[in-house]
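Architecture and fold: a report
Below, each chain spelled out in residue letters.
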Amino acid sequence: MATHPGGLTKAPPAVRTRRLVRRFGERTVLKDIDLDLAQGEFTALLGRSGSGKSTLLRAVARLDHGVEGTGELVVPERVSLSFQDSRLLPWLRVLDNVVLGLRGPGTRERGLTALEEVGLAGRDRSWPHELSGGEQQRAALARALVHDPELLLADEPFGALDALTRIKMHGLLRELYERHRPAVLLVTHDVDEAVELADRVLVLEDGLISLDMPIDLPTPRSRRDPRFQEYRDALLTALGVTTPSAAPHDSPKEKPHVPNV
Amino acid sequence: MTEALTPARTSRGLDVADAPRTARVTKPFTPPEAGGTLPPGTGGGTGRRAGKGGDGRGRRLGPGRPVPFGRLLGPALLLAAWWAASSAGVLDPRILSHPWSVVSTAVELVADGRLQGNVLISLQRAGLGLLFGVVAGVALAVVAGLSRTGEYLVDGPLQIKRAIPSLAMLPLLILWLGIGEDMKVTVIALGVAVNMYINTYASLTGIDSRHVELAEVLRLSRWRFVRKVVIPGSLPGFFVGLRLGVTSSWLGLIVVEQINATSGIGYMMFQAQQYAQSDVIVVGLVAYGVFGFASDALVRAIERRALSWRRTLAG
């Protein structure tokens, strides 16, 4: 069932930012971000390109050396990040890629388990270029999961995949999330993806969080659900996209990515 | 738009297009071996050329399939032409001896031990020069590639050295080291080191920044980063440097063996020139050629093994 976003639990948040500011030279990309992500909460971060969503993600991942910034930032010990490209090292076999950041005994076994979980059992000896785009992204997901992260950051992980592969990957990500329950921050520009996967959607606009919306729908979510459409329209409006579909309900005009089967 | 079109298409082609349609749907689910056993031509209806991937023709825009020992075809043709020209009397033996007399001279040289002795000493010079050059070049490249201080200290002098041919430094090296083995090995090593440095360094600094970022995200230690990312990532450049280095070691060898040497293939050839023995000169050239060719082939073989993860046009 859906979690209670921001929940009234006593546990401290997984991520906490206060007055987070990031600047590139003259341009202020993040202005005063105050954000709490609860433990085990699946949050999607939406925004148009240039809105600063990747900057926020990189700040949380502590990857933005050389960017001027101020404010308070608390992140957990074990953070995993998956990128838009799978970023597998071409000279390491799939299993070695998955366990690249692991040390100590049982490394191999943990890697194999992670591969099995993402549906790549038996592909551990393959080279990355022998995998399809979707399989590479699965291996990258295994590499993120093998660290048993408290926080999973994902920067448009499905952006480069074709529509059919993306549908499968949505299912897989949600399934892995339900099993491991890390806090997730998923950066995306796809409104449907955000509503389908996340329990809470943030809209970032001009360096500020302009909308913070819990998605209260039971989890195997159908895009045909009228309430799904309502969330979607509200988010599109928040993103400044005024479409005819906001008024009449069944206009077939824009069906962005997914062929309705 | 598309939705409006589909009903018309399906209602029209329902009975006619039924058979090919099912064939097309099931096709992705048949394993590749089963797909290959289809008689050619049956797949014509699906719009794809049947068996194209399975007949072993390889990539359409690739250079074609490799043939075993195909690389030897060019040299063999050259040899045949030489043989034919000499036998026909077109080629004056004073200009170039007949291949057969070259062979018998080689046999004589082997019999009295002169060839082996000279070849061994030449191989030793080239090998030592190559070894020192590779070690020095790679060490300098790693220092320059991994630390800013190293880059500032090392890269400048080596770029300057690159502009000066090693052979141009010969007078100075003779002045410093004399005309003995030290000088000979140093000249060879200098040429090799520059080639190794330039290529390994370029490859090191060209490592994808996204891979560096990944290493940071995974919190790899510096040593693990070097082992898992830097070294494999710079291997392609290392091998380019090694192949150029091997070539340059033979080049250096030829030059240093003509300066006051008393042994080596170069010395043997120089002596032969005095007595106009073109067959001995050719034996020396063949020896240089064989070793150059063999060493390059060896480096290629090692490279293919070490870089087997790469997908290239030739592979």
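Preceding block: the structure.
Described below are features of the structure shown in this document.

Rules of the game
- Residues numbered from 1 in each chain as written.
- Chains lettered and ligands numbered in written order.
- Predicted model: local features only at pLDDT ≥ 70, side-chain atom pairs only at ≥ 80, totals over all residues.
- Heavy atoms only, no water.
- Pairing = 2+ DSSP bridges.
- Helix = DSSP H or I, 4+ residues; strand = E, 2+ residues; numbered from the N terminus.
- Axes fitted to C-alpha atoms, helices over the stretch in contact; angles between N-to-C directions.
- Parallel < 35°, antiparallel > 145°, perpendicular 65-115°, else oblique.
- Contact = heavy atoms within 4.5 Å.
- Nonpolar A, V, L, I, M, F, W, Y, C, P; charged D, E, K, R; others polar.
- Salt bridge = Lys/Arg side-chain N within 4 Å of Asp/Glu carboxyl O.
- Buried < 20%, exposed > 50% of the residue type's maximum accessible area, 1.4 Å probe, protein only.
- Core = buried A, V, L, I, M, F, W, Y, C linked by side-chain atoms within 4.5 Å.

This next bit is on the sheet that holds strand E7 (residues 183-188) of chain A. Hydrogen bonding along the main chain pairs the strands of a sheet, whether they run parallel or antiparallel. Residue and element names in this part refer to chain A. Taken in spatial order, the 6 strands make up an open sheet running E5-E6-E7-E3-E8-E9, and their pairing is mixed. The sheet is open, and its two edges are formed by strand E5 (79-82) and strand E9 (208-214), each paired on a single side. Strand after strand, the sheet turns through a mean of 15 degrees between neighbouring axes, direction not considered. Where strand E3 (residues 42-46) meets E7, 5 bridges bridge the pair, whose relative direction is parallel.

Moving on, we come to the packing of helix H11 (residues 222-256) of chain B against helix H13 (residues 278-306) of chain B. Residues and elements named next belong to chain B. Interaxial distance between H11 and H13 falls to 10 Å at its minimum, and their mutual angle equals 170 degrees. Comparing the axis directions of H11 and H13 gives the class roughly antiparallel. Taking contact as the criterion, the partners of Leu235, Phe239, Leu242, Arg243, Val246, Trp250, Leu253 and Ile254 in H11 are, on H13, Tyr288, Phe291, Gly292, Ser295, Asp296, Val299, Arg300, Ile302, Glu303 and Ala306. In terms of residue class, the contact of H11 with H13 is made up of 12 nonpolar, 2 polar and 4 charged.

Within this structure, the stated rule accounts for 31 salt bridges over all chains. The residue Asp85 of chain A makes a salt bridge to Arg210 of chain B at a minimum N-O spacing of 2.5 Å. Highlighted residues: Asp85 of chain A in the loop between E5 and helix H2 (94-98) and Arg210 of chain B in helix H10 (residues 209-217), drawn from two different chains. Given a relative accessible area of 24%, Asp85 of chain A falls into the partly exposed group.

What follows deals with the pairing of E9 of chain A. Residue and element names in this part refer to chain A. Pairing of strand E8 (residues 200-205) with E9, which is carried by 6 bridges, proceeds in the antiparallel orientation. By the bridge assignment, Arg200 is partnered in E9 with Pro214. Here E8 folds back onto E9 in antiparallel fashion, the turn holding 2 residues, of which Asp206 has a positive phi close to 50 degrees.

Of all hydrophobic cores here, the largest spans 82 residues; its most connected members are Leu56 and Val60 of chain A together with Tyr197 and Val229 of chain B. Once you skip the residues sitting within four places of it in the chain, Val60 of chain A turns out to touch Val15, Leu73, Val75, Leu151 and Leu153 of chain A. Membership of the second largest hydrophobic core comes to 46 residues, among which are Leu102, Ala114, Leu115 and Leu197 of chain A.

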